[in-house]
Amino acid sequence: MDIEIVVEDLIQHLKNWFNSSDKTKINDRYKADSITIQQDWIIINVDYINSTYSTYFKRESFYKNAELLSKKIVEIAKEWMKANEVQVYHLKFKIIKQGAEFPRQGLIRV
């Protein structure tokens, strides 16, 4: 499978997960900018998820909540890998909000 197709499919899976809850539903106006790819990194911009959700990522709690979200993203990626029969994947993502950045990467095996 082509790596670009894989990443786009994973991004769509992440968007579907965010949209599965009213609390994390992506604002229609920002769907294209909420989760993107830049230089092999998946970028999750919490400002573009929705205004309620982005309040969890205030400056003083950004890193703590980004850590919690990153663990959930790894779980979601593992679900996606199992569903698509991907056994090993190098996941690279950054959670960002107004200049703050929380990068994570690692090799995932299922």
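Residues numbered from 1 in each chain as written. Predicted model: local features only at pLDDT ≥ 70, side-chain atom pairs only at ≥ 80, totals over all residues. Heavy atoms only, no water.

Undergrad: I'd like a description of the sheet that holds strand β1 (residues 35–38), backed by residues and values.
TA: Read from one edge to the other, the open sheet built from 4 strands follows the order β1-β2-β3-β4, with strand pairing classed as mixed. Unpaired on one side and paired on the other, β1 and β4 (100–109) mark the two borders of the sheet. Strand-to-strand twist across the sheet, computed as the mean angle between neighbouring axes with direction ignored, equals 25°. Strand direction decides the pairing type here: β1 and strand β2 (residues 41–45), joined by 4 bridges, are antiparallel. Along β2, the bridge assignment pairs Ile35 with Ile44. (Pairing = 2+ DSSP bridges. Helix = DSSP H or I, 4+ residues; strand = E, 2+ residues; numbered from the N terminus. Axes fitted to C-alpha atoms, helices over the stretch in contact; angles between N-to-C directions.)

Undergrad: Give me the lowdown on the layout of surface pockets, citing residues and values where you can.
TA: Computed from the structure, the second largest pocket encloses a volume of approximately 180 Å³. If you trace the second largest pocket, you find it lined by Trp17, Lys23, Thr24, Tyr53, Tyr56, Phe57, Asn65, Leu68, Leu69 and Lys72. For the lining of the second largest pocket, the element with the highest residue contribution is helix α4 (residues 62–83), accounting for 4 residues. Classifying every residue of the lining of the second largest pocket gives 6 nonpolar, 2 polar and 2 charged. (1 Å grid on protein atoms, 1.4 Å probe; cavity = no way out; pocket = protein on both sides within 12 Å on 5 of 7 lines; lining within 4 Å. Points joined across faces, edges and corners; volume = space filled by probe spheres on them. Nonpolar A, V, L, I, M, F, W, Y, C, P; charged D, E, K, R; others polar.)

Undergrad: Give a detailed account of the nonpolar core, specifying residues and quantitative values.
TA: Grouped together as the largest cluster of nonpolar side chains are 29 residues, with contacts concentrated most on Ile42, Leu91 and Ile95. Those elements that provide at least two residues to this core are α1 (3–19), β2, α4, β3 (88–97) and β4. The greatest single-element share of this core, amounting to 8 residues, is contributed by α4. (Core = buried A, V, L, I, M, F, W, Y, C linked by side-chain atoms within 4.5 Å. Buried < 20%, exposed > 50% of the residue type's maximum accessible area, 1.4 Å probe, protein only.)

Undergrad: Which residues make up the environment of Lys82, and what values do they have?
TA: Within the secondary structure layout, Lys82 lies in helix α4. Distance in space between the C-alpha atoms of Lys82 and Val110 is 6.9 Å, their sequence separation being 28 residues.

Undergrad: Which residues make up the side chain of Ser34, and what values do they have?
TA: Structurally, the position occupied by Ser34 is in helix α2 (residues 31–34). Ignoring any residue separated from it by four or fewer positions in sequence, one finds Ser34 in contact with Lys15, Ile26, Ile43, Ile44, Asn45, Tyr48 and Ile49. (Contact = heavy atoms within 4.5 Å.)

Undergrad: How would you explain unusual backbone geometry if you had to name every residue and give the values?
TA: A positive phi angle, close to 50°, is found at Gln39, a residue other than glycine. Along the polypeptide, Gln39 turns up in the loop between β1 and β2. Look at Gln39 and you get exposed, because its relative accessible area is 75%. Located in the positive-phi region is Glu85, a residue other than glycine, with phi close to 55°. Considering the arrangement of structural elements, one finds Glu85 in the loop between α4 and β3. You can call Glu85 exposed: its relative accessible area is 71%.

Undergrad: Describe the pattern of salt bridges, and please don't skip the residues or the numbers.
TA: Here the structure, examined in full by the defined rule, presents 5 salt bridges. Here Glu67 makes a salt bridge to Arg104, at a shortest N to O gap of 3.0 Å. You can see Glu67 sitting in helix α4 and its partner Arg104 sitting in strand β4, a full 37 residues away along the chain. Exposure remark for Glu67: the relative accessible area of 27% places this residue in the partly exposed category. For Arg104, a relative accessible area of 35% gives the class partly exposed. Between Glu101 and Lys94 there is a salt bridge; the shortest N-O distance is 3.9 Å. Owing to a relative accessible area of 39%, Glu101 belongs among the partly exposed residues under this scheme. In this structure Lys94 comes out as buried when scored by relative accessible area, which is 19%. (Salt bridge = Lys/Arg side-chain N within 4 Å of Asp/Glu carboxyl O.)

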